[in-house]
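# Observations on chain architecture
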Amino acid sequence: MAFTDRIPYLAQIDRPKLRLPDGKKLAVWVILNVEEWRIENAMPRTVLSPPMGQPLLPDVPNWSWHEYGMRAGFWRQFKALTDRNMPVTLALNGNVCNSYPRVASAAREAGFEFMGHGFVQGPMHKLENQADAIKRAVDTIAKFSGKSPRSWESPGLTETEETIDLLRLNGIEYLADWVIDDLPQDIATPHGVMTTVPYSVETNDIVIHALQHLSSEQFLKRCTDQFDRLYLEGATNARIMAISIHPYITGVPHRIKYLEALLDYVIGHDGVALMTASEIGDWYRGEMARL
């Protein structure tokens, strides 16, 4: 079976009418991505190109760019989210529980949902033993948080043909990698059903600022435009919106106010259901069972 045959085409206009809790129009979930970048490796992303085109390890400036997020940026985002009582899905490399226990502990105590995001930051297809890395990530998060993660976002949304089956084998039920619709969709595996949770590559601060190099206020503009249209469409059928953030991008002093303004905009609308990844997945499965 071809890879895409596992996710049959569904036209959005043909999807059954789904009802969000309490008659809401739009479910919004916030994904806070916390990662471990190993200083001895090439950096997953860079903000500074190497002087005279000569890459150097350790890559101190680009490692520090990310490390600033874990030391300072995370706490700005944490305050913005917890001050507003926002449900948060924490997409974390499993080893963050060991390497940044202060960050992981604060998220655990705040009641964030822990979502698997690899073991350390790096693409799934470059792993020597993908099965082992997934199991270690799930086991480490379970031991630290007290519950096994039910949701997963692969680093860089990367997968191989085995990834979905290995994730489901390790108890993952909900997957953010497939950015194909504003509603979830089921994927069959030998170990049970996997359900996609609508994620975004565009209402994502990495894309807006680190890849497209847009100005700080563009994160707010793009996300509110996305929100407005989905909120409008939600009057006809439920919609899901993802807001994906990283501490070293929107946790910095010159961008944090735009994240705060976005959160205020979202919670200022009565028709919004604030949810986490597994809450969206559970809701969708419940609705499909009802129908």
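Residues numbered from 1 in each chain as written. Predicted model: local features only at pLDDT ≥ 70, side-chain atom pairs only at ≥ 80, totals over all residues. Heavy atoms only, no water.

Per an unreviewed UniProt entry, the recorded name for the chain is Chitooligosaccharide deacetylase, and the organism is Bradyrhizobium canariense. For the record of the chain, the UniProt heading Sequence similarities (unreviewed entry) holds the text "Belongs to the polysaccharide deacetylase family." The UniProt entry for the chain carries the following text under Function (unreviewed entry): "Is involved in generating a small heat-stable compound (Nod), an acylated oligomer of N-acetylglucosamine, that stimulates mitosis in various plant protoplasts." (UniProt positions renumbered as here; feature names shortened; annotations may be inferred.)

## Structural notes on the nonpolar core
Core analysis: the biggest nonpolar cluster contains 40 residues, and L32, V34, L90 and I243 have the highest contact counts within it. Apart from residues no more than four positions distant in its own chain, V34 is found in contact with M70, F74, L90, A91, L92, N93, V96, V103 and P247. Core analysis: the next-biggest nonpolar cluster, separate from the first, contains 21 residues, M115, Y174, A176 and A242 among them. (Core = buried A, V, L, I, M, F, W, Y, C linked by side-chain atoms within 4.5 Å. Buried < 20%, exposed > 50% of the residue type's maximum accessible area, 1.4 Å probe, protein only. Contact = heavy atoms within 4.5 Å.)

## A closer look at the UniProt feature "domain: NodB homology" (unreviewed entry) in the chain
UniProt tags residues 69–174 as "domain: NodB homology" (unreviewed entry). As annotated, residues 69–174 has a helix share of 49% and a strand share of 11%, and its two end C-alpha atoms lie 27 Å apart. (Helix = DSSP H or I, 4+ residues; strand = E, 2+ residues; numbered from the N terminus.)

## Points about the environment of G234
Within the secondary structure, G234 is located in the loop between α7 (218–233) and β8 (239–245). We classify G234 as buried; its relative accessible area is 9%. Residues G234 and P16 lie 218 residues apart in sequence; the distance between their C-alpha atoms is 13 Å. Contacts of G234, omitting those with residues within four sequence positions, involve K25 and R239.

## Some remarks on the pairing of strand β1 (residues 26–34)
In terms of residue burial, β1 counts as a mostly covered element, since nine of its nine residues are buried. Alternating positions in β1 separate into two faces, L26, V28, V30, L32 and V34 on one and A27, W29, I31 and N33 on the other, with burial throughout. Relative to β8, β1 runs parallel, the two sharing seven bridges. In the strand pairing of β8, I31 is matched with S244. Pairing analysis gives three bridges linking β1 to strand β9 (residues 272–274), with the strands arranged parallel. Paired with V28 across the strands is L274, a residue of β9. By the bridge criterion, five bridges tie β1 to strand β2 (residues 88–92) in an arrangement that is parallel. Each bridged residue has a counterpart across the sheet, and for I31 the counterpart in β2 is T89. (Pairing = 2+ DSSP bridges.)

## A closer look at the pairing of β8
Of all seven residues making up β8, seven are buried, and the element is well covered by its neighbours. Of the two faces of β8, the one lined by R239, M241, I243 and I245 and the one lined by I240, A242 and S244 are each fully buried.

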